[in-house]
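Examining the three-dimensional arrangement
Listed below are the residues making up each chain.
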Amino acid sequence: ADDIPILVALRAMGVESDQEIVQLIGPHKEYMDLLTPCLQESSQLNLHTQTQALDWMGAKVKAARSTWVKVKKSRVDEARDIL
């Protein structure tokens, strides 16, 4: 299974702005050095809202579960289930 990037998980939980994420994690240089690639990855994935993040996560989960679970759920609901 693929890993879910931390910023995608945070956005899926409702922390949508980069500023909110920095405030949660802290403005210290060592944290910012670790956070910068995560922010870039989130931007490259074009995931900026909670709905976009949930949909992306749901697609990952749904693909993995589709072989053994036959319940019809939206990708957003799939993502909410794992959060």
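You'll find the structure just up there.
Keep in mind it's a predicted model, so treat the numbers as computed, not measured. (Residues numbered from 1 in each chain as written. Predicted model: local features only at pLDDT ≥ 70, side-chain atom pairs only at ≥ 80, totals over all residues. Heavy atoms only, no water.)

Examining a nonpolar patch on the surface
Applicable threshold: Patch definition: residues above 30% relative accessible area lacking any salt bridge, with like charges linked at up to 9 Å and the nonpolar side chains Val, Leu, Ile, Met, Phe, Trp and Tyr linked at up to 5 Å. The method behind every accessible area is Shrake-Rupley, applied with a 1.4 Å probe, and residues are considered shielded solely by the protein chains displayed. Salt bridge, as used here, is a side-chain nitrogen of Lys or Arg placed within 4 Å of a carboxyl oxygen of Asp or Glu. For helices the rule is a DSSP run of H or I covering at least 4 residues; for strands it is a run of E covering at least 2, with both sets numbered from the N terminus onward.
Side chains of Met13, Ile82 and Leu83 sit close together on the surface and give an oily, nonpolar patch of about 290 Å² of accessible area. Within the secondary structure layout, Met13 lies in the loop between helix 1 (6–12) and helix 2 (18–25).

Structural notes on the nonpolar core
Selection criterion: The set of buried Ala, Val, Leu, Ile, Met, Phe, Trp, Tyr and Cys residues whose side-chain atoms join them within 4.5 Å is what this entry labels a nonpolar core. The rule is simple: take the accessible area with a 1.4 Å probe, protein chains only, and divide by the maximum for that residue type; under 20% is buried, over 50% is exposed, in between is partly exposed. The contact rule is simple, with two residues in contact once any of their heavy atoms fall within 4.5 Å.
Val8, Ala12, Leu47, Ala53, Leu54, Trp56, Met57, Val76 and Ala79 together form the largest nonpolar core, which totals nine residues. If you list the elements that add at least two residues to this core, you get helix 1, helix 4 (50–65) and helix 5 (75–82). Among the elements that take part in this core, helix 4 stands out by supplying four residues, more than any other. Discounting chain neighbours no more than four positions away, the residues touching Val8 are Leu45, Leu47, Ala53, Trp56 and Met57. Of all hydrophobic cores here, the second largest spans six residues; its members include Leu7, Leu10, Val15 and Leu35.

Here's the deal with the environment of Leu39
Among the secondary structure elements, Leu39 is positioned in helix 3 (residues 29–44). Considering only alpha carbons, one finds Leu39 and Leu7, 32 residues apart in sequence, at a separation of 7.0 Å. Residues in contact with Leu39, not counting those within four places in the same chain, are Leu7, Arg11 and Asp18.

Comments concerning the side chain of Ser42
Position of Ser42 relative to the elements: it lies in helix 3. The exposure class assigned to Ser42 is buried, which follows from its relative accessible area of 1%. Aside from chain neighbours lying at most four places away, what touches Ser42 is Leu7, Arg11 and Leu47.

Describing the environment of Ala59
Relative to the elements of secondary structure, Ala59 occurs in helix 4. Looking at Ala59, the relative accessible area reads 28%, which means it is partly exposed. The sequence separation of Ala59 and Ser74 amounts to 15 residues, and the corresponding C-alpha distance is 8.9 Å.

Focus on the environment of Leu47
Along the chain, Leu47 turns up in the loop between helix 3 and helix 4. Between the C-alpha atoms of Leu47 and Glu16, which are 31 residues apart in sequence, the distance is 9.2 Å. Look past the residues within four positions of Leu47 in its chain and what remains in contact with it is Val8, Arg11, Ser42, Gln52, Ala53 and Trp56.

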